[in-house]
Amino acid sequence: MIKLFSLKQQKKDEESAGGNRTGAGGKKASAAQLRIQKDINELNLPKTCEIVFPDQDDLLNFKLIISPDEGFYKGGKFVFSFKVLQGYPHDPPKVKCETMVYHPNIDLEGNVCLNILREDWKPVLTVNSIIYGLQYLFLEPNPEDPLNKEAAEVLQTNRRLFEQNVQRSLRGGYVGATYFERCLK
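Residues numbered from 1 in each chain as written. Predicted model: local features only at pLDDT ≥ 70, side-chain atom pairs only at ≥ 80, totals over all residues. Heavy atoms only, no water.

**Examining the overall build of the chain**
Inference 1: Secondary structure summary: the chain contains 5 helices and 6 strands in total.
Inference 2: Seen in sequence order, the chain has helices and strands lined up from the N terminus as α-α-β-β-β-β-α-α-α-β-β.
Inference 3: A burial count over the chain gives 44% of its 185 residues as buried.
Inference 4: Excluding contacts between residues fewer than 6 apart, the proportion of contacts in the chain whose partners are at least 24 apart in sequence is 54%. (Helix = DSSP H or I, 4+ residues; strand = E, 2+ residues; numbered from the N terminus. Buried < 20%, exposed > 50% of the residue type's maximum accessible area, 1.4 Å probe, protein only. Contact = heavy atoms within 4.5 Å.)

Shown next as structure tokens:
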């Protein structure tokens, strides 16, 4: 895992060595690379979130781990992949949930229904905004805008059954005909 403070120190070291606007191989950094570096340096992660960079030289692809400490999903561990394209910040990052989860706003393929990842995206929004939005989905699932319609319907009609289904999915097991891997931390 990369430490954010060491990232800031590394950036300062590069700037003092005269390499502040270059990427790997001495090429000029793209607007997306510069902006994502700024976003990462300014991150203010909640205690329930952690960022991991599989390739420390590639800031455009990283993982976010959310471990909710309250709500239906308390005790779970959910991994999201972020892919920042060259159109960033004018286009939102591509975000997928790698952990199969029983959730009204995340389908079984990992697609996430979060308005700021679609129609409400604005270039002033940052990775921090997305992280807080994803965390909020675990605290307050939104059955009004579902990707998993079955989970949304259960949440609206029978909260107790929804909670039981979430717990069964977190422990690892079947909800209906779908098997969920254990994702408790």
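Text resumes after the structure shown.
**Considerations on the pairing of strand β4 (residues 94-97)**
Inference 1: In β4, alternate side chains face the same way, and those of Val-95 and Cys-97 are buried while those of Lys-94 and Lys-96 on the opposite face are not.
Inference 2: Looking at chain direction, strand β3 (residues 78-83) and β4 are connected through 4 bridges and run antiparallel. Looking at the pairing, Phe-82 lines up with Val-95 of β4. (Pairing = 2+ DSSP bridges.)

**Overview of the packing of aromatic side chains**
Inference 1: Inspection of the entire model under this criterion finds 11 aromatic pairs.
Inference 2: Plain terms: the ring middles of Tyr-73 and Phe-138 are 5.3 Å apart, the flat faces sit at 80 degrees to each other, and that makes the pair edge-to-face. You can see Tyr-73 sitting in the loop between β2 (61-66) and β3 and its partner Phe-138 sitting in helix α3 (residues 127-139), a full 65 residues away along the chain. We note that Tyr-73, like Phe-138, is buried.
Inference 3: Ring geometry for Tyr-88 and Trp-121: centres 6.1 Å apart, planes at 40 degrees, overall tilted. Linking Tyr-88 in the loop between β3 and β4 with Trp-121 in the loop between β4 and α3, this pair joins segments that are 33 residues apart in sequence.
Inference 4: Members of the aromatic cluster, each reached through a chain of ring pairs, are Phe-72, Tyr-102, Phe-162 and Phe-180. (Phe/Tyr/Trp six-rings, centres within 6.5 Å; stacked < 30°, edge-to-face > 60°.)

**So, the sheet that holds β3**
Inference 1: What the 4 strands build is an open sheet, ordered β1-β2-β3-β4; its pairing is antiparallel. Single-partner strands in this sheet number two, and they are β1 (49-52) and β4. Averaged over neighbouring strand pairs, the angle between their axes works out to 25 degrees when direction is ignored. (Axes fitted to C-alpha atoms, helices over the stretch in contact; angles between N-to-C directions.)

**Section: the packing of helix α4 (residues 149-157) against helix α5 (residues 159-171)**
Inference 1: Viewed as axis vectors pointing N to C, α4 and α5 meet at an angle of 135 degrees, and their least axial separation amounts to 5 Å. By the angle between their directions, the pair α4 and α5 is classed as oblique. Residue-level contacts link Ala-151, Val-154, Leu-155 and Thr-157 of α4 to Arg-159, Leu-161, Phe-162 and Asn-165 of α5.
Inference 2: Split into classes, the residues belonging to the contact of α4 with α5 amount to 5 nonpolar, 2 polar and 1 charged. (Parallel < 35°, antiparallel > 145°, perpendicular 65-115°, else oblique. Nonpolar A, V, L, I, M, F, W, Y, C, P; charged D, E, K, R; others polar.)

**Description of the nonpolar core**
Taken as a class, soluble globular proteins show a tendency for nonpolar side chains to be buried jointly.
Inference 1: With 45 residues, the main nonpolar core has Phe-80, Phe-82 and Leu-134 as its most contacted residues.
Inference 2: At the level of secondary structure, the elements contributing two or more residues to this core comprise α2 (31-41), β1, β2, β3, β4, α3, α4 and α5.
Inference 3: Counting residues per element, this core draws most heavily on α3, at 6 residues.
Inference 4: Non-local contacts of Leu-134, meaning those with residues more than four positions away in its chain, are made with Leu-64, Ile-66, Phe-80, Phe-82, Val-95, Val-112 and Leu-114. (Core = buried A, V, L, I, M, F, W, Y, C linked by side-chain atoms within 4.5 Å.)

**Thoughts on the environment of Leu-125**
Inference 1: Tracing the backbone through its elements, the reader meets Leu-125 in the loop between β4 and α3.
Inference 2: Residues Leu-125 and Asp-39, spaced 86 residues apart in sequence, show a C-alpha to C-alpha distance of 9.5 Å.

Bear in mind that shape data such as this cannot, by itself, settle questions of function.
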